[in-house]
Amino acid sequence: MTEGRAKFINGLLAKAGVREVTVSSNPILDERRSYHPPRCDVFKSRYTITSPDPDFRFSVDHEAERQLPDMVKNKLLRIEAIDSPDKNFTENYSRKRTIGIVFSGGPAPGGHNVIAALFDAAKAANPDNRILGFMMGPDGIIDNQVTELTRKRVNAYRNLGGFGMIKTGRTKIDTPEKMALSRDTCKKLDLDALVVVGGDDSNTNAAFLAQEMAADGIQVIGVPKTIDGDVQVRDANGRVLCAMSFGFHTAARSFSQQISNLCTDCNSDMKYWHICKVMGRSASHLALEVALQTHANMTLIGEDLAEYVDADKLMASETSDRTGFGAYGMTLRHLSRVICDGIVRRAAVGKNCGVLVIPEGVLEVIKEIQVFIIKLTTIIAEYNKTHDDDFHQRFLRLEDKLDYVRDLARRLRQKGGVNIWNSHDDELFNDIPPFFQEGLLTERDAHGNFQFSLVETDKVIMGMVKDHLDVLRETVAYKLGIERNFYTYLLERDGVDPGSYGPVLFSNYTDNSHYLLIRPEIISKKTLRQAIEKAKLISVDSDIPGAVIRIYEKSVPKFKTQTHFYGYDGRGSSPTEFDCRYTYNLGLTVFSLIVSGATGQMAAIMNLEKDFSRWVPIGIPIAPLMHLEERKGKLALVLEKSLVDLHSPAFRVVEAYREKWLSAVPGDDDYRLPGPIRFAGVSEETRPITLVLNDLGQSDEVDG
Ligand code: FBP
């Protein structure tokens, strides 16, 4: 760089105005950092106690009794204010404590507020209390990577998204060695309590850590986090204890804002189908909320597809001697037909465009994919059980993995007996595109979850949709409806009589339809000519009128898509006011549970679905919620994931509005614009629409 140029740049950077607009802080950030979320009533009091509420019952799994004997007897704890505590109480409340906190799993907006509230409550109880943050997730506990959180650091992250303050990681503390190292770290740091902020698997881990460290007097408290919204808890009587994990509202609102922008764009140039894959590994809660927020034209809900029954196949099996197993469950082929149906119906009314929302985990409910996942998981688990190295480390390339699977099948065939991978599997597997084969053979994450965010779900489904649309374009179905007025205008402008051509060109010309559909037999300019000649509108040696050709060309739809993935962006979004408030009160709940001596509990807020004045902070015992599930080919004691309940009012509403939101009728679509996430104003809902509907659906007036 020349001396003159360097001087110019230095002068430019020194200008106050340049500095002002290039610093990383800005008024929005400052507003967020200085915001104080309101506290639940109970936290307005200086001291709190917990009291077990025997009204809430759980049906405890025998395996939980065996593996977590000290934790299964835990009861639901209510947090209550105490106005005139005695000396013993205040001394215990204010005694110096060291509390460790860790983020586990994917980021979720609001996590920093859990830390901020824990920090505020701990320092208010005793300024010498220390909050230690374990760095990079559970690895930080295993390897003793810890940082003491200062007020400055905490203040810098208040009400901000992500998990940047202490980072996160997906390691699971799932072996005796890792458990021993973690216990050692907590003892070395002289921890009074460890707080695990995570999803179902991390809260499972919290219960095991609580059991492991009970003898050391180290308490462990979990916090329900995950944008997927699949940590929801009810008691044995179905009473909602935790309606939603934190981070869900923000992620859903963030996705919805982006997707509603696509609706606006789509509604403007009428050119593309926008295919929006949204995060949510196994559960479709995020897709459901996006549907409610945006009214996108089509939204797939995995749990709904899983329940699909092919009525024709079922009937056929009833009239024959065969059992109707084949009728149950959704196949890729049928799913592509369902999507095509919506596309074709919209095209018929001139809308060769739209917005389709696909939950990233939807393939998990597709019959043939389920079979592949189960078979491949078993093969890989078996390999890992009998070999010293790990399957994915041994076979790095897709081809090597496939060779192993095929070789195994050959060997098993030679041996005779049951073969887990037969030649039919091989044929089906060869039929799927290589990128998807690779996806199916991707290594599971530390918790044994299939990594759907790495699979191009949308590409798999839309590939089949495109193929089927090509077939439909050749036959009757996929035609772009032509507006009657437009047709009349164009033909009259060219001096051609629309009334004579109409019945020849269109199948619905005489029934007053607003949109005209080209006759099924007209599939090319040649067949167009044949139809017009046959009707004696032109002779063999005259040309087809230009306006008629133009109308025909317009009626042939081009299927153009744009694909989008909404996941990491929403996970990193700044939290909604709901999530700021929710997480701050979760942090306060955590501290109350710790001072009361609780362990193996998950901090939660009951009545989240209701007005803030009715929020009730509680501790939910984790162990009694656990049950046995398959993980990496073995049965493991885990916290159950909550999937979308097809009987819930929220799902019922989406189902009821499906047709309306598809808008396969002339006129405007029914899109909803939720607008951006912000703290104040009337544009932002105070809680997820899913929760509002589920709450309204409980009331007597609706149940009637
Ligand atoms: P958590 O369950 O840990 O909160 O993570 C959920 C999630 O955001 C899923 O929606 C997504 O499939 C997955 O994380 C992506 O994981 P990764 O960050 O490892 O790519």
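Residues numbered from 1 in each chain as written. Predicted model: local features only at pLDDT ≥ 70, side-chain atom pairs only at ≥ 80, totals over all residues. Heavy atoms only, no water.

Asker: Just to check I follow, could you spell out a positive patch on the surface for this structure?
Answerer: A grouping of Lys271, Arg493, Arg550, Lys554, Lys558 and Lys560 is seen on the molecular surface, where their side chains present a positively charged patch. Mapped onto the elements of the fold, Lys560 is located in the loop between helix 25 (546-555) and strand 15 (561-566). For Lys560, a relative accessible area of 35% corresponds to the partly exposed category. (Patch = residues over 30% accessible without salt bridge, like charges linked within 9 Å, V, L, I, M, F, W, Y side chains within 5 Å. Areas by Shrake-Rupley, 256 points an atom, 1.4 Å probe, with all protein chains shown as cover. Salt bridge = Lys/Arg side-chain N within 4 Å of Asp/Glu carboxyl O. Lys, Arg positive; Asp, Glu negative; His and termini not counted. Charge placed at Lys NZ, Arg CZ, Asp CG, Glu CD. Helix = DSSP H or I, 4+ residues; strand = E, 2+ residues; numbered from the N terminus. Buried < 20%, exposed > 50% of the residue type's maximum accessible area, 1.4 Å probe, protein only.)

Asker: Looking at this structure, how should I read the nonpolar core?
Answerer: If you look at soluble globular proteins, the nonpolar side chains tend to sit buried side by side. Among the nonpolar cores identified, the biggest contains 127 residues, and Ile101, Leu194, Phe255 and Ile620 are the most heavily contacted of them. A total of ten residues in this core trace back to one element, the largest contributor, which is helix 27 (residues 577-595). Residues Leu300, Val362, Ile369 and Tyr404 belong to the second largest nonpolar core, which totals 54 residues. (Core = buried A, V, L, I, M, F, W, Y, C linked by side-chain atoms within 4.5 Å.)

Asker: Would you take a moment to explain the packing of helix 24 (residues 525-534) against helix 25 for this structure?
Answerer: Packed helix pairs are specified by the crossing angle of their axes together with the interaxial distance, meaning the distance between the axes. Two elements in contact, helix 24 and helix 25, have axes whose closest approach is 11 Å; the angle formed by their N-to-C orientations is 130 degrees. As judged from the angle between their axes, helix 24 and helix 25 are oblique. Considering how the two elements wind past one another, helix 24 and helix 25 form a crossing that is right-handed. In contact with Lys525, Leu528 and Ile532 of helix 24, helix 25 contributes Val548, Ile549, Tyr552 and Glu553. Residues belonging to the contact of helix 24 with helix 25 are distributed by class as follows: five nonpolar, no polar and two charged. (Axes fitted to C-alpha atoms, helices over the stretch in contact; angles between N-to-C directions. Parallel < 35°, antiparallel > 145°, perpendicular 65-115°, else oblique. Left-handed = near helix turned anticlockwise from the far one by under 90°. Contact = heavy atoms within 4.5 Å. Nonpolar A, V, L, I, M, F, W, Y, C, P; charged D, E, K, R; others polar.)

Asker: Can you walk me through the sheet that holds strand 1 (residues 47-52) in this structure?
Answerer: Strand-to-strand pairing in sheets goes through backbone hydrogen bonds, with the strands running parallel or antiparallel. Read across the open sheet, the nine strands follow the order 1-2-17-16-7-6-3-4-5; overall the sheet is mixed. On the outer flanks of this sheet lie strand 1 and strand 5 (146-148), each paired with one strand and no other. Ignoring which end each strand starts from, the neighbouring axes of this sheet average 30 degrees apart. Across two bridges, strand 2 (residues 77-82) lies against strand 17 (residues 616-621) in antiparallel orientation. Bridged to Arg78 within strand 17 is Ile618. Packing against the sheet, helix 10 (residues 200-213) makes contact with strand 6 (193-198), strand 7 (219-224) and strand 16 (601-606), and its axis sits at approximately 170 degrees to strand 7. (Pairing = 2+ DSSP bridges.)

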